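# Overview (structure and organization)
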Amino acid sequence: MSASSGAPLMLFNSLTRAIEPFAPIDPAMVRLYSCGPTVYNFAHLGNLRAYVFTDTLRRTLNWKGWATNHVVNITDVGHLTSDADAGEDKMEAAAAVQARSIWEIAAFYTAAFKADLAHLNILHPSLWSVATDHIQDMIGFARALEDHGATYRLEGGLYFDTSRVPDYGRLAGTRPEETVGRIADVEGKRHAADFAVWRASPPGARRQMEWESPWGPGAPGWHLECSVMSLKYLGQQFDIHTGGIDHREIHHCNEIAQNQAFTESAGTGANIWMHNNFLVDRGAKMSKSAGGFATLAGLIDRGIHPLAYRLLCLSAHYRSELEFSGEIVAAALVRLKRLAIAVEQLRAKAADLAWTRILREAKDSRGASFAFQRRTLEDRLDKRGAALIARFDEALSSDLMIPQALPLLEEALADKGMAPEMRLRVAASMDLALGLDLFDVDRRQLSLRPKGAAIAESEVEALLEQRQAARAARDFAASDALRDVLLQSGVEVMDGDPLRWEWRAVID
Ligand code: AMP
Ligand code: ZN
């Protein structure tokens, strides 16, 4: 399928601050660019929300029938410790602290990042675009900016003159003078918002990563790479550019300014700029000092399956803040287990489900096969199933209203008016868009043993069974004693669970 079907897709465009109908430039291929990680440390959970959001967008486009060309960059050079053009280079600083070469740092954290994405069932982009593979392209782009009179030279390198573009800061919704104080002063800068396109190495000092350039040895400014790589792989004007909301204020304004100066046009590079809001951590649980909630690996150590974090992200609209706490993510895990149990129980009742094999393809697909998979799943739907899919489509198409789409999955699984096989077909189609991996992950796999727990999963299950038996025999003393045994081992039994199987790691 080369064009979308179903409800018209509406997306919020940060440029216009309005929800707009989506129409790709090339109906055969949606071109999408997402700002990727700076690989100087593990991604924190907030960063990962940005990639779950992008994956949801990507899956929605694919689910609605479009093929996607999705480019994500890896920033392995040139990102400073603040948005200012002063301060340390994050990569160089990490290399110094960890006594490793900057290249080792980049390779290590790139691999860790990709492992996180795999845990979250995030589809591979069409292309990982690595900044250091594109230095010559960046130098060429910066020369063109200089030729077009959009830059000036300072001792610190080549600077972009933001007064050379007509509506600098439009995306942020601020005027240039409001950016004063936002960007640390660099001697000789003409305007507060001006930024480095090329950062010259200080005289006498050598960076681990530096390249020769017309402006002396140095490294690119970090806004440059996204302009250069999106242009190279997706063209001067492509469909959608994504990033976290913090990028709306500076990074993306600067990318747009560079794009406009390079093309000598008003074109911003992407038709639609989309930004996810932040994961917030009011209880400071995400901070490393508070026990390792900072990273996905930290969650896994606590016995929280990474897909529970994915589900948590899906439970809020991407433009809303999402609060994080141990309780909230534990609740998401319970919700996920219920979904997995519902699928398991229906599978036990349904006849041969040969079609589940094709779902595995979705994991590595570039989206083109989503249409085929949906056709296979939905071709024999009854009226109830088709109506649920239509409502699901409406929710997705309404600026990715996933929090409304999720309950429809629960409704489908629970709808006794449909045969088990029908319910599973609807759920499987929905899960292509949601990516919860419900047909590959069962309840037992979701019950991770917390690193600190003094008990194995099989023992937990055995004790739960004994406790079930005690409760059935109305021997509540024995049942309470078993609950206490589990609690002392770091496992909390959840009695309210109608499925009676629920337990979780004790969250402090
Ligand atoms: P960075 O590696 O710092 O460039 O960040 C990677 C992505 O995570 C960017 O798109 C950021 O905007 C985004 N981001 C950073 N912090 C958060 C947060 N707390 N919640 C959601 N997204 C975030
Ligand atoms: Zn970027």
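First things first, this report covers the structure right here in the doc. Remember, it's a predicted structure, so these values are computed and weren't measured experimentally.

Bringing the coordination of the zinc ion (ligand 2) into the picture now. Protein-derived coordination of the zinc ion (ligand 2) comes from Cys35 (SG), Cys226 (SG) and His251 (NE2), at a distance range of 2.0 to 2.2 Å. Each donor residue of the zinc ion (ligand 2) lies on one chain, and together they are spaced C-x190-C-x24-H. Note that cysteine 35 is positioned in the loop between strand 3 (30-34) and helix 1 (45-63) and histidine 251 in helix 6 (residues 251-263), a separation of 216 residues in sequence. Among the residues examined, histidine 251 registers a relative accessible area of 1% and is labelled buried.

Another point: the sheet that holds strand 8 (residues 195-200). Spatially, 6-7-8-9 is the arrangement adopted by the four strands of the open sheet, whose pairing is antiparallel. Unpaired on one side and paired on the other, strand 6 (151-154) and strand 9 (218-220) mark the two borders of the sheet. Averaged over all pairs of adjacent strands, the angle between their axes in this sheet comes to 25°, without regard to strand direction. Where strand 6 and strand 7 (residues 157-160) come together, four bridges link them in antiparallel fashion. Across the sheet, tyrosine 152 pairs through a bridge with tyrosine 159, a residue of strand 7. Packed on one face of the sheet, helix 4 (residues 135-147) meets strand 6, strand 7, strand 8 and strand 9 and runs near 125° to strand 8.

By the element assignment, threonine 242 lies in strand 10 (residues 238-244). Classification of threonine 242 by relative accessible area gives buried; the value is 1%. Aside from chain neighbours lying at most four places away, what touches threonine 242 is Leu32, Tyr33, Ser34, Cys35, Phe53, Thr54, Leu57, His252 and Met274.

Okay, the side chain of arginine 31 next. The residue arginine 31 is located in strand 3 in this model. For the buried arginine 31, no salt bridge exists, and the shortest N-O distance to an oppositely charged side chain is 4.5 Å, to aspartate 239. Separated by 2.6 Å, the side chain of arginine 31 and the backbone oxygen of leucine 234 make a polar contact. If near-sequence neighbours (up to four positions away) are discounted, arginine 31 is found in contact with Ile25, Asp26, Asn69, Leu234, Gly235, Gln237, Phe238, Asp239 and Ile240.

Let's shift gears to the site of ligand 1. Around ligand 1 sit 17 residues in total, of which Gly46, Tyr51, Gly244, Asp246 and Leu279 are the nearest. Contacts to ligand 1 include threonine 38, whose backbone N or O atom sits 3.1 Å from an oxygen atom. For ligand 1, the accessible surface in isolation is 490 Å², of which the surrounding protein chains cover 90%. Of all the elements in the fold, those that place two or more residues in the shell around ligand 1 are helix 1 and strand 10.

This part is about the sheet that holds strand 5 (residues 127-130). Spatially, 5-4-3-10-11 is the arrangement adopted by the five strands of the open sheet, whose pairing is parallel. The outermost strands of the open sheet, each flanked by one partner alone, are strand 5 and strand 11 (270-276). Along the sheet, successive strands turn relative to each other by an average axial angle of 20°, direction set aside. Note: strand 4 (residues 68-74) against strand 5, four bridges, orientation parallel. Residue pairing across strands places isoleucine 74 opposite valine 130, the latter belonging to strand 5.

A few words on unusual backbone geometry. Positive phi is not limited to glycine here, since arginine 17 has a value of about 55°. Counting through the fold element by element, arginine 17 comes out in the loop between strand 1 (10-13) and strand 2 (18-21). Judged by relative accessible area, arginine 17 falls into the partly exposed class, the value being 34%. At aspartate 437, a residue that is not glycine, the phi angle is positive and equals roughly 65°. Mapped onto the elements of the fold, aspartate 437 is located in the loop between helix 14 (420-434) and helix 15 (443-446).

About the cut-offs
Residues numbered from 1 in each chain as written. Chains lettered and ligands numbered in written order. Predicted model: local features only at pLDDT ≥ 70, side-chain atom pairs only at ≥ 80, totals over all residues. Heavy atoms only, no water. Donors = N, O, S within 2.8 Å, 3.2 Å for Na, K, Ca; no water. Helix = DSSP H or I, 4+ residues; strand = E, 2+ residues; numbered from the N terminus. Buried < 20%, exposed > 50% of the residue type's maximum accessible area, 1.4 Å probe, protein only. Pairing = 2+ DSSP bridges. Axes fitted to C-alpha atoms, helices over the stretch in contact; angles between N-to-C directions. Contact = heavy atoms within 4.5 Å. Lys, Arg positive; Asp, Glu negative; His and termini not counted. Salt bridge = Lys/Arg side-chain N within 4 Å of Asp/Glu carboxyl O. Polar contact = N/O pair within 3.5 Å; in protein donor to acceptor, adjacent residues only side chain to side chain. Near = heavy atom within 4 Å. Areas by Shrake-Rupley, 256 points an atom, 1.4 Å probe, with all protein chains shown as cover.

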